[in-house]
Amino acid sequence: MTRRKHEIGRFFSKYWAYLLSFAVIVAVAYFGSRGKEPISDDSTNIHVIFSNNYTVTADQVSEFYVVSEIANAMQFVSSNEITNNYISVALLQETNQTIDDISGKISKPTIVDVSHISRGVKSYTVQPGETLDQIASRFGVSTDQIRWSNGMASKNISEGQSLYIPTVSGIAVTVKDDDTVESLADHYGAKAADIISYNDLETNQNLKAGLVILIPNGVMPETERPEYVAPVVATPQAPQTYTYTYQNYSYIGSSGGRENLRIVQRFSYAESVGDPGNRNTPGQCTWYAWYYRKHYTSSPLPATVLGNANAWAYSLSRMGFAVNNTPSVGAVFQTTSGYYGHVGVVTSVNKDGSITVREMNYSGMAFTVTESNIPKQYVGMYNYIH
């Protein structure tokens with residue numbers, strides 16, 4: 001008999017902590033299902049965690065998970081509330097990068113509010129050195145889908161930037177007051193049933209203004225894409241008489257450096273001075289390069305004095321524009337040669353290595369826009385401002 005008591009004593013001394021934890025978990029889940037009162041045990045109290053500077057131990061995450069699993073398995077009334085608490089704690093852990101090896105606490109440098117985001121969308125913070133291509137590959141979506149979900153005209157991102165990421169191929173959109181599941185499906189070319197399924201929207205009553213939801217397999221209409229630039233319809237100008245003096249100058253790329261030169265547009269003096277924000281001299285190459293970037297690209301140049309053409313690469317690089325020797329469509333090409341230098345814009349990068357450009361005042365043709373090809377052997381002689 002003594003031996004039997006001794007064995008029972010050893011069992012309880014070894015496993016009392018586990019038995020006590022299980023009893024507490026069952027009691028918490030049971031009584032929580034009756035009164036839906038906040039869980040009183042500090043280790044699994046979401047309010048205590050929030051008031052404790054949003055820090056949570058690794059053990060607390062595990063405890064929340066176990067409580068959630070038991071509540072769901074036993075179909076308690078409060079199972080949804082308990083599960084939501086676990087998801088909140090798990091998100092706190094997910095959005096942090098390190099765990100203190102000494103205290104075991106997860107440091108919370110920033111708090112991500114996901115209350116306005118549906119299950120179909122993930123909130124993601126850009127990490128040091130990451131590119132949009134890497135993030136898109138990681139989540140199995142395209143860079144365009146991420147750009148459209150965040151109103152980004154380009155793929156440029158920065159460390160610490162918060163992004164909405166579709167969890168499957170599609171786009172994330174913010175619900176407006178008059179939106180319905182059916183209208184969103186029709187607008188973005190998706191299926192209403194998919195929108196409901198991926199966002200846990202049982203009815204349109206769950207579709208609240210300001211909620212960010214996933215449109216599975218949705219496509220952003222072209223005119224709503226952040227990179228879209230509406231065509232500019234020129235207003236006819238009455239012929240005017242004016243006097244304007246300009247000075248010819250030389251630069252890299254003489255008439256021998258162009259192929260298939262043709263005139264594509266002529267401006268009047270009135271048109272040149274009537275473009276708001278263009279601080280460059282009417283009729284000159286700088287005026288047209290600024291004009292083109294404003295009206296035909298999604299990345300206009302600053303409405304400020306940039307200096308003569310030979311100063312543009314330096315001025316714009318200090319304002320955050322990338323400058324290199326690699327051409328791209330929409331880039332300003334620039335040379336410092338000659339007294340004033342010269343600038344124009346790249347309209348095409350061709351398969352043979354040449355580029356197609358448009359420029360004003362080429363060879364002294366003020367107010368005249370010409371288009372031509374710069375052969376491959378001359379392309380590397382210019383700076384390109386992106």
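In what follows, the structure referred to is the one given above.
Note that the structure is predicted; figures quoted are calculated from it, not measured.

### Here we look at the overall build of the protein chain
Point 1. When helices and strands are tallied, the protein chain shows 12 helices and 13 strands.
Point 2. Looking at the protein chain as a whole, 38% of its 386 residues qualify as buried.
Point 3. A separation of at least 24 residues holds for 60% of the contacts in the protein chain among residues at least 6 apart in sequence.
Point 4. With the model as given, the accessible surface of the protein chain reaches about 21700 Å², and the carbon-plus-sulfur share is 51%.

### Considering unusual backbone geometry
Point 1. One non-glycine residue, Asn217, lies in the positive phi region at around 60 degrees.
Point 2. If you trace the backbone, Asn217 turns up in the loop between β6 (212-216) and β7 (259-266).
Point 3. Under the relative-accessibility criterion, Asn217 is labelled exposed at 51%.
Point 4. Its identity is not glycine, yet Asn260 carries a phi of approximately 55 degrees, on the positive side.

### Overview of the packing of helix α7 (residues 181-188) against helix α8 (residues 192-199)
Point 1. For the pair α7 and α8, the least separation of the axes is 8 Å and the interaxial angle reads 115 degrees. The orientation of α7 with respect to α8, classified from their angle, is roughly perpendicular. Both α7 and α8 take part in a crossing whose hand is right-handed. Together, Val181, Leu184 and Ala185 of α7 and Ala192, Ile195 and Ile196 of α8 make up the contact between the two elements.

### A short note on the packing of helix α5 (residues 132-139) against helix α6 (residues 143-150)
Point 1. Interhelical geometry of α5 versus α6 gives an angle of 105 degrees and a closest axis separation of 9 Å. With respect to their mutual orientation, α5 and α6 come out roughly perpendicular. Here Leu132, Asp133, Ile135 and Ala136 of α5 come into contact with α6, specifically with Thr143, Ile146 and Arg147.
Point 2. Residues that form the contact of α5 with α6 fall into these classes: four nonpolar, one polar and two charged.

### What to know about the pattern of salt bridges
Think of it this way: side chains of opposite charge can pair up when their charged atoms draw near.
Point 1. In total, this model carries eight salt bridges according to the counting rule given.
Point 2. One salt bridge in this structure joins Arg147 and Asp144, with 2.8 Å as the shortest N-O distance. Remark: Asp144 and Arg147 occur in helix α6; sequence separation between them is three residues, near one turn of the helix.
Point 3. Classification of Arg147 by relative accessible area gives buried; the value is 6%.
Point 4. For Asp144, a relative accessible area of 32% gives the class partly exposed.
Point 5. The partner of Glu371 in a salt bridge is Arg262, and the shortest N-O contact between them spans 2.6 Å. Placement of Glu371 in strand β12 (residues 368-374) and of Arg262 in strand β7 is noted, with a sequence separation of 109 residues between them.
Point 6. When salt bridges that share partners are traced, they join Asp144, Arg147 and Glu227 into one network.

### A few points about α5
Point 1. For α5, the full list of buried residues reads Leu132, Ile135 and Ala136. Projected onto a plane normal to the axis of α5, the buried residues spread over an arc of 100 degrees and lie on a single side.
Point 2. Contacts made by the buried residues of α5 are with β3 (121-125), α6 and β4 (162-166).
Point 3. Phi turns positive, to about 70 degrees, at Gly140, one or two residues after α5.

### Observations concerning the side chain of Asn199
Point 1. The residue Asn199 is located in helix α8 in this model.
Point 2. Separated by 2.4 Å, the side chains of Asn199 and Ser118 make a polar contact.
Point 3. Once residues lying within four places of it in the same chain are set aside, the contact partners of Asn199 are Ser118, Gly120, Ile213 and Leu214.

### A word on the layout of surface pockets
Point 1. For the second largest pocket, the calculated volume is near 400 Å³.
Point 2. Taken together, 15 residues make up the lining of the second largest pocket; nearest its centre are Ser154, Arg293, Ser298, Ser299 and His386.
Point 3. Residue classes in the lining of the second largest pocket are distributed as five nonpolar, eight polar and two charged.

### So, the nonpolar core
Point 1. Judged by nonpolar contacts, the single largest core of 23 residues is most densely connected at Phe267, Tyr288 and Trp312.
Point 2. Of all the secondary-structure elements, those providing two or more residues to this core are α10 (285-296), α11 (312-318) and β10 (342-349).
Point 3. Core analysis: the next-biggest nonpolar cluster, separate from the first, contains 16 residues, Val175, Leu184, Ala190 and Leu201 among them.

### Describing α6
Point 1. Where burial is concerned, most of α6 is hidden: six out of the eight residues are buried.
Point 2. Its buried side turned inward, α6 meets α5, β4 and β5 (170-174).
Point 3. Backbone geometry just downstream of α6 places Gly151 in the positive-phi region, at approximately 65 degrees.

Rules behind the numbers
- Residues numbered from 1 in each chain as written.
- Predicted model: local features only at pLDDT ≥ 70, side-chain atom pairs only at ≥ 80, totals over all residues.
- Heavy atoms only, no water.
- Helix = DSSP H or I, 4+ residues; strand = E, 2+ residues; numbered from the N terminus.
- Buried < 20%, exposed > 50% of the residue type's maximum accessible area, 1.4 Å probe, protein only.
- Contact = heavy atoms within 4.5 Å.
- Areas by Shrake-Rupley, 256 points an atom, 1.4 Å probe, with all protein chains shown as cover.
- Axes fitted to C-alpha atoms, helices over the stretch in contact; angles between N-to-C directions.
- Parallel < 35°, antiparallel > 145°, perpendicular 65-115°, else oblique.
- Left-handed = near helix turned anticlockwise from the far one by under 90°.
- Nonpolar A, V, L, I, M, F, W, Y, C, P; charged D, E, K, R; others polar.
- Salt bridge = Lys/Arg side-chain N within 4 Å of Asp/Glu carboxyl O.
- Arc of directions from axis to C-beta.
- Polar contact = N/O pair within 3.5 Å; in protein donor to acceptor, adjacent residues only side chain to side chain.
- 1 Å grid on protein atoms, 1.4 Å probe; cavity = no way out; pocket = protein on both sides within 12 Å on 5 of 7 lines; lining within 4 Å.
- Points joined across faces, edges and corners; volume = space filled by probe spheres on them.
- Core = buried A, V, L, I, M, F, W, Y, C linked by side-chain atoms within 4.5 Å.

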